[in-house]
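This is what each chain is made of:
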Amino acid sequence: MTFCDLLRMTMLLAAGAATVLAAVTVIAVSGGDDTLTIYVAAVWWTIALIAGLILGRPARAAEAMSPVLAQARTATALPEMGNPTRAALARLWPIAAFAVVAGVLGFIFPGVAAIGAGFALAAALAWRSREAAVAAIEERDGVRFYVEPGSALQPVSLVRTPGLRRDRPPPGHPP
(Lines give C-alpha, C1' and ligand atoms only; values in the text may rest on other atoms or scores of the structure.)
Protein backbone atom coordinates (compact mmCIF):
# COMPACT_ATOMS: atom_id res chain seq x y z
CA MET A 1 0.00 0.00 0.00
CA THR A 2 1.25 3.47 -0.72
CA PHE A 3 2.34 5.67 2.15
CA CYS A 4 -0.03 8.45 1.02
CA ASP A 5 -2.96 6.04 1.29
CA LEU A 6 -1.93 5.02 4.80
CA LEU A 7 -1.62 8.66 5.88
CA ARG A 8 -5.04 9.49 4.41
CA MET A 9 -6.67 6.52 6.13
CA THR A 10 -5.00 7.42 9.44
CA MET A 11 -6.38 10.94 9.31
CA LEU A 12 -9.86 9.78 8.27
CA LEU A 13 -9.99 7.10 10.97
CA ALA A 14 -8.93 9.60 13.65
CA ALA A 15 -11.55 12.08 12.42
CA GLY A 16 -14.20 9.36 12.45
CA ALA A 17 -13.19 8.35 15.98
CA ALA A 18 -13.48 11.98 17.09
CA THR A 19 -16.94 12.23 15.58
CA VAL A 20 -18.20 9.00 17.16
CA LEU A 21 -16.73 9.84 20.56
CA ALA A 22 -18.24 13.33 20.47
CA ALA A 23 -21.62 11.78 19.61
CA VAL A 24 -21.27 9.30 22.49
CA THR A 25 -20.48 12.19 24.82
CA VAL A 26 -23.55 14.14 23.74
CA ILE A 27 -25.80 11.07 23.98
CA ALA A 28 -24.44 10.10 27.41
CA VAL A 29 -24.91 13.55 28.97
CA SER A 30 -28.21 14.40 27.27
CA GLY A 31 -30.31 12.38 29.69
CA GLY A 32 -28.99 13.92 32.89
CA ASP A 33 -27.87 17.07 34.60
CA ASP A 34 -24.13 16.59 34.01
CA THR A 35 -23.21 20.14 32.99
CA LEU A 36 -19.61 19.84 34.19
CA THR A 37 -18.83 17.25 31.50
CA ILE A 38 -20.36 19.51 28.85
CA TYR A 39 -18.24 22.48 29.92
CA VAL A 40 -15.05 20.43 30.23
CA ALA A 41 -15.70 18.87 26.82
CA ALA A 42 -16.27 22.27 25.19
CA VAL A 43 -13.04 23.68 26.63
CA TRP A 44 -11.01 20.53 25.84
CA TRP A 45 -12.33 20.28 22.28
CA THR A 46 -11.44 23.94 21.69
CA ILE A 47 -7.91 23.37 23.01
CA ALA A 48 -7.57 20.21 20.87
CA LEU A 49 -8.84 22.08 17.81
CA ILE A 50 -6.31 24.89 18.23
CA ALA A 51 -3.44 22.47 18.99
CA GLY A 52 -4.32 20.29 15.99
CA LEU A 53 -4.43 23.30 13.67
CA ILE A 54 -1.04 24.51 14.88
CA LEU A 55 0.58 21.05 14.74
CA GLY A 56 -0.93 20.30 11.34
CA ARG A 57 0.51 23.27 9.45
CA PRO A 58 2.00 22.23 6.09
CA ALA A 59 5.55 23.32 7.00
CA ARG A 60 5.41 21.27 10.18
CA ALA A 61 3.99 18.28 8.30
CA ALA A 62 6.87 18.31 5.82
CA GLU A 63 9.33 18.56 8.70
CA ALA A 64 7.68 15.63 10.49
CA MET A 65 7.76 13.41 7.41
CA SER A 66 11.40 14.03 6.44
CA PRO A 67 13.04 11.50 8.84
CA VAL A 68 10.66 8.71 7.81
CA LEU A 69 11.13 9.40 4.11
CA ALA A 70 14.91 9.72 4.45
CA GLN A 71 15.12 6.25 6.03
CA ALA A 72 13.16 4.61 3.20
CA ARG A 73 14.88 1.65 1.59
CA THR A 74 15.44 2.15 -2.15
CA ALA A 75 14.18 -0.51 -4.54
CA THR A 76 14.38 -0.64 -8.32
CA ALA A 77 11.07 -2.47 -8.74
CA LEU A 78 7.66 -2.24 -7.16
CA PRO A 79 7.37 -4.18 -3.90
CA GLU A 80 5.06 -7.17 -3.72
CA MET A 81 1.58 -5.77 -3.43
CA GLY A 82 -0.24 -7.66 -0.70
CA ASN A 83 -3.75 -7.04 0.45
CA PRO A 84 -4.03 -3.28 1.19
CA THR A 85 -6.92 -3.85 3.60
CA ARG A 86 -4.83 -6.24 5.66
CA ALA A 87 -1.90 -3.81 5.64
CA ALA A 88 -4.13 -0.95 6.77
CA LEU A 89 -5.68 -3.03 9.55
CA ALA A 90 -2.26 -4.14 10.75
CA ARG A 91 -1.18 -0.50 11.08
CA LEU A 92 -4.38 1.23 12.18
CA TRP A 93 -6.03 -1.16 14.63
CA PRO A 94 -4.84 0.80 17.71
CA ILE A 95 -6.87 3.85 16.62
CA ALA A 96 -9.99 1.72 16.16
CA ALA A 97 -9.42 -0.06 19.49
CA PHE A 98 -8.99 3.32 21.22
CA ALA A 99 -12.30 4.54 19.75
CA VAL A 100 -14.19 1.38 20.74
CA VAL A 101 -12.84 1.29 24.30
CA ALA A 102 -13.39 5.03 24.87
CA GLY A 103 -16.85 4.80 23.27
CA VAL A 104 -17.97 1.91 25.48
CA LEU A 105 -16.58 3.57 28.60
CA GLY A 106 -18.17 6.84 27.48
CA PHE A 107 -21.67 5.48 28.05
CA ILE A 108 -20.73 4.77 31.69
CA PHE A 109 -18.36 7.72 32.21
CA PRO A 110 -19.15 10.44 29.63
CA GLY A 111 -15.90 12.26 30.43
CA VAL A 112 -13.87 9.40 28.96
CA ALA A 113 -15.53 9.81 25.57
CA ALA A 114 -15.20 13.60 25.77
CA ILE A 115 -11.47 13.46 26.45
CA GLY A 116 -10.99 10.75 23.82
CA ALA A 117 -12.83 12.87 21.24
CA GLY A 118 -10.46 15.75 21.92
CA PHE A 119 -7.39 13.58 21.45
CA ALA A 120 -8.77 12.10 18.22
CA LEU A 121 -9.68 15.57 16.94
CA ALA A 122 -6.17 16.87 17.65
CA ALA A 123 -4.62 13.83 15.96
CA ALA A 124 -6.78 14.14 12.84
CA LEU A 125 -5.99 17.84 12.48
CA ALA A 126 -2.28 17.32 13.17
CA TRP A 127 -2.09 14.66 10.42
CA ARG A 128 -4.22 16.48 7.85
CA SER A 129 -1.29 17.92 5.83
CA ARG A 130 1.07 14.95 5.94
CA GLU A 131 -0.39 13.20 2.90
CA ALA A 132 0.00 16.37 0.83
CA ALA A 133 3.60 16.80 2.03
CA VAL A 134 4.52 13.26 0.98
CA ALA A 135 2.64 13.61 -2.33
CA ALA A 136 4.56 16.82 -3.08
CA ILE A 137 7.89 15.07 -2.47
CA GLU A 138 6.81 12.13 -4.63
CA GLU A 139 5.82 14.51 -7.43
CA ARG A 140 9.01 16.54 -7.14
CA ASP A 141 11.37 13.56 -7.07
CA GLY A 142 9.40 11.25 -9.36
CA VAL A 143 9.29 8.46 -6.78
CA ARG A 144 6.65 6.54 -4.87
CA PHE A 145 6.78 5.45 -1.22
CA TYR A 146 5.25 2.13 -0.18
CA VAL A 147 4.69 0.81 3.35
CA GLU A 148 6.44 -2.43 4.20
CA PRO A 149 4.22 -4.91 6.05
CA GLY A 150 4.70 -4.76 9.78
CA SER A 151 3.13 -4.31 13.17
CA ALA A 152 1.46 -1.14 14.38
CA LEU A 153 3.65 -1.37 17.45
CA GLN A 154 6.81 -0.82 15.39
CA PRO A 155 7.84 2.28 13.47
CA VAL A 156 6.70 2.37 9.87
CA SER A 157 9.32 1.36 7.32
CA LEU A 158 9.07 2.49 3.72
CA VAL A 159 10.29 1.38 0.32
CA ARG A 160 11.19 4.10 -2.17
CA THR A 161 10.59 3.09 -5.79
CA PRO A 162 10.92 4.91 -9.08
CA GLY A 163 7.63 6.56 -9.93
CA LEU A 164 6.16 7.45 -13.26
CA ARG A 165 7.68 10.78 -14.17
CA ARG A 166 5.63 13.04 -16.33
CA ASP A 167 6.97 14.28 -19.63
CA ARG A 168 7.85 17.78 -18.57
CA PRO A 169 10.89 19.94 -19.09
CA PRO A 170 13.37 20.36 -16.24
CA PRO A 171 12.96 23.49 -14.12
CA GLY A 172 14.26 26.59 -15.88
CA HIS A 173 13.75 25.25 -19.42
CA PRO A 174 10.96 26.47 -21.67
CA PRO A 175 8.30 23.89 -22.63
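All values derive from a computational prediction rather than experimental measurement.

Asks: Mind showing me how you'd approach the packing of helix α1 (residues 3-30) against helix α5 (residues 110-126) here?
Replies: Between two packed helices, the angle of one axis relative to the other and the distance separating the axes together describe the packing. Their axes nearest at 8 Å, the elements α1 and α5 cross at an angle of 155°. In terms of orientation, α1 lies roughly antiparallel with respect to α5. Where α1 crosses over α5, the handedness of that crossing is left-handed. Contact residues: α1 offers M11, A14, A15, A17, A18, L21, A22, V24, T25, A28 and V29, while α5 offers P110, A113, A114, G116, A117, A120, L121, A123 and A124.

Asks: Would you mind showing me how to read the packing of aromatic side chains here?
Replies: Think of a pair of aromatic rings as described by two things: how far the centres are apart, and how the planes are tilted against each other in angle. Scanning the entire structure with this criterion turns up one aromatic pair. Note on W44 and F119: the rings are 5.1 Å apart at their centroids and 65° apart in plane angle, and the pair reads as edge-to-face. One end of the pair, W44, is in helix α2 (residues 35-55); the other, F119, is in helix α5, and 75 residues separate them in sequence. Geometry around W127 places R130 over its ring, the cationic atom sitting 4.3 Å from the centre.

Asks: How do you make sense of the pattern of salt bridges when you look at a structure like this?
Replies: One side chain can pair with another of opposite charge once the charged atoms of both are near each other. The tally for this structure, following the rule as stated, stands at six salt bridges. For E131, the salt bridge goes to R8, with nearest N and O atoms at 2.6 Å. With E131 in helix α6 (residues 130-141) and R8 in helix α1, the pair connects residues that are 123 residues apart, well separated along the chain. Among the residues examined, R8 registers a relative accessible area of 33% and is labelled partly exposed. For R160, the salt bridge identified is with D141, shortest N-O distance 3.8 Å.

Asks: Explain the sheet that holds strand β2 (residues 143-147) here, please?
Replies: Each strand in a sheet pairs with its neighbour through backbone hydrogen bonds, running either in the same direction (parallel) or in the opposite one (antiparallel). With mixed pairing, three strands are arranged side by side in an open sheet as β1-β3-β2. A single partner strand is all that each edge strand has here, and the edge strands are β1 (73-74) and β2. Relative to strand β3 (residues 158-162), β1 is paired through two bridges, and the arrangement is parallel. Of the residues in β3, the one forming a bridge with T74 is R160.

Asks: Hey, could you run me through a nonpolar patch on the surface in this one?
Replies: On the surface, a nonpolar cluster with roughly 670 Å² of combined accessible area is contributed by I27, V101, L105, F107, I108, F109 and V112. For the nonpolar patch, the element with the highest residue contribution is helix α4 (residues 84-108), accounting for four residues. You can see F109 is positioned in the loop between α4 and α5.

Conventions and cut-offs
- Residues numbered from 1 in each chain as written.
- Predicted model: local features only at pLDDT ≥ 70, side-chain atom pairs only at ≥ 80, totals over all residues.
- Heavy atoms only, no water.
- Axes fitted to C-alpha atoms, helices over the stretch in contact; angles between N-to-C directions.
- Helix = DSSP H or I, 4+ residues; strand = E, 2+ residues; numbered from the N terminus.
- Parallel < 35°, antiparallel > 145°, perpendicular 65-115°, else oblique.
- Left-handed = near helix turned anticlockwise from the far one by under 90°.
- Contact = heavy atoms within 4.5 Å.
- Phe/Tyr/Trp six-rings, centres within 6.5 Å; stacked < 30°, edge-to-face > 60°.
- Lys NZ or Arg CZ within 6 Å of the ring centre and 35° of its normal.
- Salt bridge = Lys/Arg side-chain N within 4 Å of Asp/Glu carboxyl O.
- Buried < 20%, exposed > 50% of the residue type's maximum accessible area, 1.4 Å probe, protein only.
- Pairing = 2+ DSSP bridges.
- Patch = residues over 30% accessible without salt bridge, like charges linked within 9 Å, V, L, I, M, F, W, Y side chains within 5 Å.
- Areas by Shrake-Rupley, 256 points an atom, 1.4 Å probe, with all protein chains shown as cover.

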